[in-house]
Amino acid sequence: MKSRKAKFFCENCGAEVPQNAKFCRNCGRFFASVRCPSCGFIGIADSFSKGCPSCGYADSEHSKINPPSFSNKKVKSGDASLPVWIYLFTIGALAGIVAAIIFLYVR
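Quantities reported herein were computed from a predicted structural model and do not represent experimental measurements.

Visitor: For the overall build of the protein chain, give the residues involved together with the corresponding values.
Guide: Scanning the protein chain for helices and strands turns up one helix and four strands. Secondary structure of the protein chain in N-to-C order comes out as β-β-β-β-α. The buried share among the 107 residues of the protein chain stands at 20%. In the protein chain, of all internal contacts separated by at least 6 residues, the share reaching a separation of at least 24 is 37%. For the protein chain, the accessible area works out to roughly 8,500 Å², and carbon and sulfur atoms hold 61% of it.

Here it is as structure tokens:
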């Protein structure tokens, strides 16, 4: 009996990615966690090394022909964006830089 090894796919574009990838080489999406395409369980990549820890889903030989399709899945609002604190930090940092530049040129 063949050993089934889990495969990982980008939820954004569906491209196959290495197990410990931090971002998709195809579309550039960053990964914070892994979601099982079968049951939706979310966890860290290491917990999926032998398949989904919740339902046991592991990629089979057939998936080489038809990898999981993520385009028909509904994405919860907020799943595709970064946490709010990152946006607030970025806006604050940019405002600080602009204020410093204005201060230097007004003097």
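Visitor: Help me get a handle on a nonpolar patch on the surface, residues and values and all.
Guide: The grouping of Leu 94, Ile 97, Ile 101, Phe 103, Leu 104 and Tyr 105 at the surface amounts to a nonpolar patch, some 710 Å² of accessible area in total. Within the element layout of this structure, Ile 97 appears in helix α1 (residues 84–106).

Visitor: Requested: an account of the state of the cysteines, with residues and values cited.
Guide: Taken as a whole and judged by the stated rule, the model has zero disulfides. There is no disulfide at Cys 10, and the cysteine sulfur nearest it, in Cys 27, is 3.6 Å away. Cys 24 takes part in no disulfide bond, and the closest cysteine sulfur to it belongs to Cys 13, at a distance of 3.6 Å. Given a relative accessible area of 1%, Cys 24 falls into the buried group.

Visitor: Give a description of the confidence of the model for the protein chain that names residues and reports values.
Guide: Confidence along the protein chain averages 76 in pLDDT terms, with 75% of residues attaining 70 or more. Ranking the elements of the protein chain by mean pLDDT puts strand β3 (residues 34–35) last, at 79, and α1 first, at 92. Confidence over residues 61–67 falls short of pLDDT 50; this stretch has four contacts with residues more than four positions distant or in other chains.

Visitor: Help me get a handle on the environment of Ser 38, residues and values and all.
Guide: Relative to the helices and strands, Ser 38 resides in the loop between β3 and β4 (42–43). Residues Ser 38 and Ala 58, spaced 20 residues apart in sequence, show a C-alpha to C-alpha distance of 9.3 Å.

Visitor: Before we move on, could you go through the packing of aromatic side chains and cite the residues and values that matter?
Guide: Under the defined criterion, the tally for this structure stands at one aromatic pair. Measuring from centroid to centroid gives 6.0 Å for Phe 23 and Phe 30, while their planes differ by 50 degrees, and the two rings are tilted. On the accessibility criterion, Phe 23 (41% relative accessible area) is partly exposed. Its relative accessible area of 65% is what places Phe 30 among the exposed residues.

Visitor: How would you sum up the environment of Asn 26? Please name residues and give values.
Guide: Tracing the backbone through its elements, the reader meets Asn 26 in the loop between β2 (16–17) and β3. When sequence neighbours within four positions are dropped, the list of residues in contact with Asn 26 reads Cys 13 and Ala 15.

Quick notes on the rules
- Residues numbered from 1 in each chain as written.
- Predicted model: local features only at pLDDT ≥ 70, side-chain atom pairs only at ≥ 80, totals over all residues.
- Heavy atoms only, no water.
- Helix = DSSP H or I, 4+ residues; strand = E, 2+ residues; numbered from the N terminus.
- Buried < 20%, exposed > 50% of the residue type's maximum accessible area, 1.4 Å probe, protein only.
- Contact = heavy atoms within 4.5 Å.
- Areas by Shrake-Rupley, 256 points an atom, 1.4 Å probe, with all protein chains shown as cover.
- Patch = residues over 30% accessible without salt bridge, like charges linked within 9 Å, V, L, I, M, F, W, Y side chains within 5 Å.
- Salt bridge = Lys/Arg side-chain N within 4 Å of Asp/Glu carboxyl O.
- Disulfide = S-S within 2.5 Å.
- pLDDT = per-residue confidence, 0-100.
- Phe/Tyr/Trp six-rings, centres within 6.5 Å; stacked < 30°, edge-to-face > 60°.

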